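Report on the structure
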Amino acid sequence: MESERQSRKNFFGLNSVIVVLGMVSLLTDLSSQMIVPILPLYLTSVLHVQVGTVGIIEGIAESTASILKFFSGWISDRFGKRKLLMVVGYGLSNLIKPFFALSSNWGQVLFIRFADRFGKGIRTSPRDAILADTTTKEERGKAFGFRRSMDTLGAALGPFVTYLILTQWNGSYQAVFWLSAIPGLIATLLLIFFLKEKRNPIKTPSNVKKLPSISFKGLNSRFVWFTLITTIFTIGNFSDAFLILRAKDVGMAAEYIPLTYFAYNIITSIFSTPFGMISDRIGRRPVLITGYVMFALIYLGFGLVHTVFGIWVLFFIYGLYYATTEGIQKAYVADMVPEGQRGMAMGTFNALTGIAALPASVMAGFLWQSFGAFTAFGVSSLLAIISALLMFILRI
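Note that this is a predicted model, so its numbers are computed, not measured.

Thresholds applied
Note on numbering: residues in each chain are counted from 1, in written sequence order. Local features are withheld for residues below a pLDDT of 70 in this predicted model, meaning they are given only at 70 or higher, and side-chain atom pairs are given and counted only at 80 or more; totals for whole chains, interfaces and linings count all residues. Based on all heavy atoms of the structure, the side-chain values leave hydrogens and waters out of the count. Numbering of helices and strands runs from the N terminus, with a helix taken as a DSSP run of H or I at least four residues long and a strand as a DSSP run of E at least two residues long. Only protein chains enter the accessibility calculation, which uses a 1.4 Å probe. A residue is then buried if its area is under 20% of the maximum for its type, exposed if over 50%, and partly exposed in between. Residue contacts are defined here by distance: any two heavy atoms, one from each residue, within 4.5 Å place the two residues in contact. Note that accessible areas follow from Shrake-Rupley with a 1.4 Å probe, and for residues the cover is restricted to the protein chains shown. Between N or O atoms, a polar contact is any pair within 3.5 Å; within protein, one atom must be a potential hydrogen donor and the other a potential acceptor, and residues adjacent in sequence are included only when both atoms are from side chains. Any carboxyl oxygen of Asp or Glu that lies within 4 Å of a side-chain nitrogen of Lys or Arg is treated as forming a salt bridge with it. Side-chain rings of Phe, Tyr and Trp (the six-membered ring for Trp) are treated as a pair once their centres are within 6.5 Å; stacked means planes under 30 degrees apart, edge-to-face means over 60, and tilted covers the remaining angles. Here, a charge over a ring is recorded when the distance from Lys NZ or Arg CZ to the ring centre is within 6 Å and its angle to the ring normal is within 35 degrees. Fitted lines through C-alpha atoms serve as axes, helices being fitted only where they are in contact, and the angles separating the N-to-C directions of these axes extend from 0 to 180 degrees. Put simply, angles under 35 degrees are roughly parallel, angles over 145 are roughly antiparallel, angles from 65 to 115 are roughly perpendicular, and the rest are oblique. Less than a right angle of anticlockwise turn of the near helix away from the far helix marks a crossing as left-handed, whereas a clockwise turn marks it as right-handed. Side-chain classes are defined by residue name, with Ala, Val, Leu, Ile, Met, Phe, Trp, Tyr, Cys and Pro counting as nonpolar, Asp, Glu, Lys and Arg as charged, and the others, Gly among them, as polar.

**What about the overall build of the protein chain?**
- Of regular secondary structure, the protein chain possesses 17 helices and two strands.
- Going through the 396 residues of the protein chain one by one, you find that 58% of them count as buried.
- Of the contacts made within the protein chain by residues no fewer than 6 positions apart, 86% connect residues no fewer than 24 positions apart.
- Accessible area of the protein chain: about 16200 Å², with a carbon and sulfur share of 69%.

Structure (structure tokens):
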């Protein structure tokens, strides 16, 4: 098995599965992040939606669909068909997003946003599981870091492309929505034709086919505590839509806001693989604790900032936070559970942290609308500090 993995490595020590998943992530996030930086502006400026409603839209879209992350991971474990779920998930997300161009009220935006996240819920856990299954513990941080780097490179290019479109098409949000279909379609075709999945059906003790069952046996206490801590952290990690609204609130021109997204995603893309490799050497836990503390300071900064220059600085540092957490959290989960249950473990982790996005964004919208931006960001900062302390004290 080990020799087979080594023989498939062909790109900076990474095998073809990791490279294809990286390219798919790059193109999909390019498509998504063409839209994300302008959607809150479209809602508040064109459809005249209040900040609290933006929080509800983001919370429902992210958390309700996240339930699927558990079931898709479980199904992929039981039947060993991870690629099929990924094709359905990526296909749905990439085909539905351009229809934002036809939306005329916040209910339609909610439906499209939900369908997009519904697709993400189907694809995320099988993707993370197939990535974990094709790597060893010693290289897993690097592999997850590489996928995150490609993901955020696409996320960086997306806002930059949006900036170019807005300047060339007289600020047309509809042009951005329609053109986002191009990289999304290429990503889906790349996944269909170039991802080679190793068939690895699950064997039962009696070697007799039976209906799949949900079981948490083997998901040890470290995994459970880690998932609970990251869920607490996620309750304070509300939608990036509020960062965009904060930039607008401070006085940044709308056409420049996508460039702040470009900046922080470039930083994340550059540093995700190095931080993943560091976690392979010194352990995931110290890197994650550093990331949580960094998040707390960044959000406190967003609550206090009053200048456009300050917004730029915070977005740059925000990219470093992402590099120290996103891929490394999933590599840590993969370390804690056996190969046959990684789909369900990834699903459980993704679902619980995803569901926490609903109270996170709703809470942020309520606090901002009722008490101001500082209170919303301050509460998030406090929850991040609590999460870091729990990781340190409990030695998860």
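**Observations regarding the side chain of asparagine 265**
- Within the secondary structure, asparagine 265 is located in helix 12 (residues 257-282).
- Residue asparagine 265 is classed as buried on the basis of its relative accessible area of 3%.
- Polar side-chain contacts of asparagine 265 include one of 3.1 Å to the backbone oxygen of alanine 155.
- With sequence-adjacent residues up to four places away left out, asparagine 265 is seen in contact with Thr152, Ala155 and Ala156.

**Looking at the pattern of salt bridges**
- Throughout the structure, instances matching the rule amount to 10 salt bridges.
- With its nearest N and O atoms 3.1 Å apart, the salt bridge here joins aspartate 116 to arginine 117.
- With a relative accessible area of 9%, arginine 117 lands in the buried category.
- In this structure, the salt-bridge partner of aspartate 249 is arginine 246, at a minimum N-O distance of 3.0 Å. With aspartate 249 and arginine 246 both in helix 11 (residues 241-250), this residue pair falls three residues apart, about one helical turn.

**Quick look at the environment of proline 286**
- Turning to its location among the elements, proline 286 is positioned in helix 13 (residues 284-304).
- Taking the C-alpha atoms as reference points, proline 286 and alanine 388, separated by 102 residues in sequence, lie 9.7 Å from one another.

**With respect to the packing of aromatic side chains**
- Applying the stated criterion to the full structure yields 32 aromatic pairs.
- Measuring from centroid to centroid gives 5.2 Å for tyrosine 318 and tyrosine 322, while their planes differ by 85°, and the two rings are edge-to-face. Taken together, the residues tyrosine 318 and tyrosine 322, both in helix 14 (residues 308-336) and four residues apart, mark about one turn of the helix. For the pair shown, tyrosine 318 and tyrosine 322 are each scored as buried.
- In this structure, arginine 123 packs its charged tip against the face of tyrosine 90, placed 4.4 Å from the ring centre.

**Focus: the packing of helix 10 (residues 221-235) against helix 14**
- Interaxial distance between helix 10 and helix 14 falls to 10 Å at its minimum, and their mutual angle equals 155°. Considering their axes alone, helix 10 and helix 14 lie roughly antiparallel with respect to each other. Crossing handedness for the pair helix 10 and helix 14: left-handed. For the pair formed by helix 10 and helix 14, the contact residues are Arg222, Phe223, Phe226, Thr230 and Phe233 on the first element and Tyr321, Gln329, Tyr332, Val333 and Met336 on the second.
- Considered class by class, the residues forming the contact of helix 10 with helix 14 number seven nonpolar, two polar and one charged.

**Considering unusual backbone geometry**
- Here the phi dihedral of histidine 48 falls at roughly 60°; this positive angle occurs in a residue that is not glycine.
- Structurally, the position occupied by histidine 48 is in the loop between helix 3 (39-46) and helix 4 (51-79).
- Positioned with a positive phi, asparagine 170 is a non-glycine residue whose angle comes to about 55°.
- As for its position among the elements, asparagine 170 is in the loop between helix 7 (137-168) and helix 8 (173-179).

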